[in-house]
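Fold and contact review
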Amino acid sequence: MTREEQQMSDLRALYQEVILDHSKAPRNFGKLAEGRHAEGFNPLCGDRLTLYLNVDGDVVADARFEGSGCAISTASASMMTEMVKGKTIADAEKIFEAFHDLVTGEANEGSDEELLGKLAVFAGVQEYPTRVKCATLAWHTLKAACHESDAPVSTE
Ligand code: ZN
């Protein structure tokens with residue numbers, strides 16, 4: 001293994017650790033008594049989640065989620081709720097765009113990777129196309145909640 005390959009593999013291990021940590025101990029897990037909610041379902045993997053959102057003006061004041069799914073979908077929802085709290089809906093949507101580009105491997109010079117922060121740990125998902133829907137489910141559901149759409153979100 002070259003030094004570069006070693007670094008890549010260390011990085012992967014580190015990324016996996018962050019994802020595992022969030023999937024085992026999801027942050028912001030639970031309901032919100034008030035506010036909006038939206039449901040998401042990824043039939044490909046069986047991931048389900050309900051996202052609760054408290055929006056103050058155009059700022060996400062609080063975000064929580066409940067549901068069951070694979071490690072990637074749970075970790076993604078956990079990190080997403082941490083990420084969007086305190087952000088405007090417009091900023092949250094920008095982060096979603098950057099995140100989508102990252103996990104689909106479509107990030108280019110126009111992609112705003114700085115927005116992603118810790119979410120960069122999901123870069124490895126692009127090697128597993130069937131996992132892209134697991135990683136983006138929470139974000140699609142967030143979008144529905146932001147727009148107060150009552151229709152359940154399905155990734156199919
Ligand atoms: Zn999944």
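Residues numbered from 1 in each chain as written. Predicted model: local features only at pLDDT ≥ 70, side-chain atom pairs only at ≥ 80, totals over all residues. Heavy atoms only, no water.

Description of helix 1 (residues 3–24)
With 22 residues, helix 1 should reach 32 Å at 1.5 Å per residue; the first-to-last C-alpha distance of 31 Å fits that figure. Three or more residues of helix 1 are buried, namely Ile19, His22 and Ser23. Within helix 1, the buried residues cover an arc of 100 degrees as seen down the axis, which keeps them to one side. For helix 1, exposure combined with an orientation more than 90 degrees from the buried face picks out Arg3, Glu17 and Lys24. (Helix = DSSP H or I, 4+ residues; strand = E, 2+ residues; numbered from the N terminus. Expected span 1.5 Å × (residues − 1). Buried < 20%, exposed > 50% of the residue type's maximum accessible area, 1.4 Å probe, protein only. Arc of directions from axis to C-beta.)

Observations regarding the layout of surface pockets
Approximately 470 Å³ is the volume found for the largest pocket. Along its surface, the largest pocket is lined by 18 residues, and Arg12, Gln16, Gly124, Val125 and Tyr128 are the ones closest to its centre. For the lining of the largest pocket, the secondary-structure elements that each account for two or more residues are helix 1 and helix 2 (71–84). Here the element with the most residues in the lining of the largest pocket is helix 1; it accounts for 7 residues. In the lining of the largest pocket, the residues fall into 12 nonpolar, 3 polar and 3 charged. (1 Å grid on protein atoms, 1.4 Å probe; cavity = no way out; pocket = protein on both sides within 12 Å on 5 of 7 lines; lining within 4 Å. Points joined across faces, edges and corners; volume = space filled by probe spheres on them. Nonpolar A, V, L, I, M, F, W, Y, C, P; charged D, E, K, R; others polar.)

Considerations on empty space enclosed by the protein
Tallied over the entire structure, the rule returns 2 cavities of 30 Å³ or more. Every residue along the wall of the largest cavity is listed here: Asp47, Arg48, Leu49, Phe65, Gly67, Ser68, Gly69, Ser73, Thr74 and Ala77. Its residues assigned to classes, the lining of the largest cavity comprises 3 nonpolar, 5 polar and 2 charged. Lining the second largest cavity, in full, are Ala92, Glu93, Phe96, Trp139, Leu142, Lys143 and Cys146. Broken down by element, the lining of the second largest cavity gets its largest block of residues, 4 residues, from helix 4 (residues 132–146). Grouping the constituent residues of the lining of the second largest cavity by class yields 5 nonpolar, no polar and 2 charged.

Points about the sheet that holds strand 4 (residues 153–154)
If you trace the 4 strands from one edge of the open sheet to the other, you get 3-2-1-4, paired in mixed fashion. Bordering the open sheet on either side are strand 3 (59–68) and strand 4, each of which pairs with just one other strand. Here strand 2 (residues 47–56) pairs with strand 3 via 9 bridges, running antiparallel. Within the sheet, the bridge partner assigned to Arg48 lies in strand 3 and is Ser68. Each of strand 2 and strand 3 touches helix 2; the most contacted strand, strand 3, lies at about 165 degrees to it. (Pairing = 2+ DSSP bridges. Contact = heavy atoms within 4.5 Å. Axes fitted to C-alpha atoms, helices over the stretch in contact; angles between N-to-C directions.)

Quick notes on the packing of aromatic side chains
One pass over the full model with this rule turns up 4 aromatic pairs. On the numbers, 5.9 Å between centres and 15 degrees between planes, the contact of Phe96 with Trp139 is stacked. Of this pair, Phe96 sits in helix 3 (residues 89–103) while Trp139 is found in helix 4, placing the two residues 43 residues apart along the sequence. For the pair Phe96 and Trp139, one class covers both residues: buried. An aromatic cluster of three or more residues is present, and its members are Phe96, Phe99, Phe122 and Trp139. (Phe/Tyr/Trp six-rings, centres within 6.5 Å; stacked < 30°, edge-to-face > 60°.)

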